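# Structural overview
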Amino acid sequence: QVQLVESGGGLVQDGGALRLSCAASGSIFSINTMGWYRQVPGKQRELVASITSEGRTNYADSVKDRFIIFRNNAKNTVYLQMNSLKLEDTAVYYCYVDLMSGSTTRRDDYWGQGTRVTVSS
C-alpha cells in the first residue's frame, strides 16, 4: 500500500510564499518522476512542475522563475517552493508520483489528496 500525504497549503497574501510537501510512504521499490499539478473549477488539471529521479526539472511557463521543485529521495518527499505568489496561482495542488511498487513490482502512478492554495490581494 502506497500513500501520498500533502501538506503546506493555506491562505497567503499576493506576493507571499508557501512551501508544499508531499511524502510517499508504504511499499515502494523506487520512485521515478514526482510532480505537482493544480486545478481550478471548470478547468483541466495542469502540470505545474515535475522532477525526475535524476533531478531534471520541468516547469509550466506561468510559474518559471517563481516556483522551485526539489526532492529528498531518502525521505521519498517532493517539495514545491512557491514564491511571489499571484492571485492566478489559487488552486488545489495535487502531488503526483510515478513509482515501482515494492509489494507488486508494478509501475504505478499515485495522486495526493490535494492541498488548497489561496492567494488573496
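This text gives an overview of the structure that appears in the document. Source: prediction; values computed, not measured.

### Details of the environment of Ser 25
- Secondary-structure assignment places Ser 25 in strand β3 (residues 18–26).
- The exposure class assigned to Ser 25 is partly exposed, which follows from its relative accessible area of 39%.
- Through-space distance from the C-alpha of Ser 25 to that of Val 2 is 5.6 Å; in sequence the pair is 23 residues apart.
- If we skip the residues at most four places from it in the chain, Ser 25 touches Gln 1, Val 2 and Gln 3.

### As for the pairing of strand β1 (residues 2–7)
- Burial of β1 is one-sided: the residues Val 2, Leu 4 and Glu 6 facing one way are buried, the residues Gln 3, Val 5 and Ser 7 facing the other way are not.
- Judged from the six bridges that link them, β1 and β3 form a sheet pairing that is antiparallel. Bridge assignment links Gln 3 to a residue of β3, and that residue is Ser 25.

### Quick notes on the nonpolar core
- Counting 29 residues, the largest nonpolar core has Trp 36, Leu 80 and Tyr 93 as the members making the most contacts within it.
- Broken down by secondary-structure element, the contributors of at least two residues to this core are β1, β3, β4 (28–39), β5 (46–51), β7 (67–72), β8 (77–82), β9 (91–101) and β11 (115–120).
- With five residues, the single largest contributor to this core is β9.

### Brief notes about the pairing of β7
- With burial as the criterion, only one face of β7 is covered, namely that bearing Phe 67, Ile 69 and Arg 71; the residues Ile 68, Phe 70 and Asn 72 on the opposite face remain uncovered.
- Here β7 pairs with β8 via six bridges, running antiparallel. Its bridge partner lying in β8, Ile 69 is registered against Leu 80.

### With respect to the state of the cysteines
- Under the defined criterion, the tally for this structure stands at one disulfide.
- At a sulfur-sulfur separation of 2.1 Å, the disulfide partner of Cys 22 is Cys 95. What sets the handedness of the Cys 22 and Cys 95 disulfide is the S-S torsion sign, and at about -85° it is left-handed. Residue Cys 22 is found in strand β3, and its partner Cys 95 is found in strand β9; the two are separated by 73 residues along the sequence. Comparing Cys 22 with Cys 95 shows no difference in burial state: the two are buried.

Criteria and thresholds
What you see as residue numbers is a count from 1 along each chain, following the sequence as written. Local features in this predicted model are restricted to residues of pLDDT 70 or higher, and side-chain atom pairs are both shown and tallied only at a pLDDT of 80 or more, whereas totals for entire chains, interfaces and linings draw on every residue. The side-chain quantities take in all heavy atoms of the structure and omit both hydrogens and water. Where helices and strands are cited, they refer to DSSP runs of H or I of at least four residues and of E of at least two residues respectively, numbered from the N terminus. Burial status follows relative accessibility: with a 1.4 Å probe on protein chains alone, a residue under 20% of its type maximum counts as buried, one over 50% as exposed, and anything between as partly exposed. Only heavy atoms enter the contact rule, under which two residues are in contact if any of them lie within 4.5 Å. Here, a strand pair is defined by DSSP locating no fewer than two bridges between the strands. The nonpolar core is taken to be a set of buried Ala, Val, Leu, Ile, Met, Phe, Trp, Tyr and Cys residues, with the residues joined through side-chain atoms within 4.5 Å. When the sulfur atoms of two cysteines come within 2.5 Å, that pair is taken as a disulfide.

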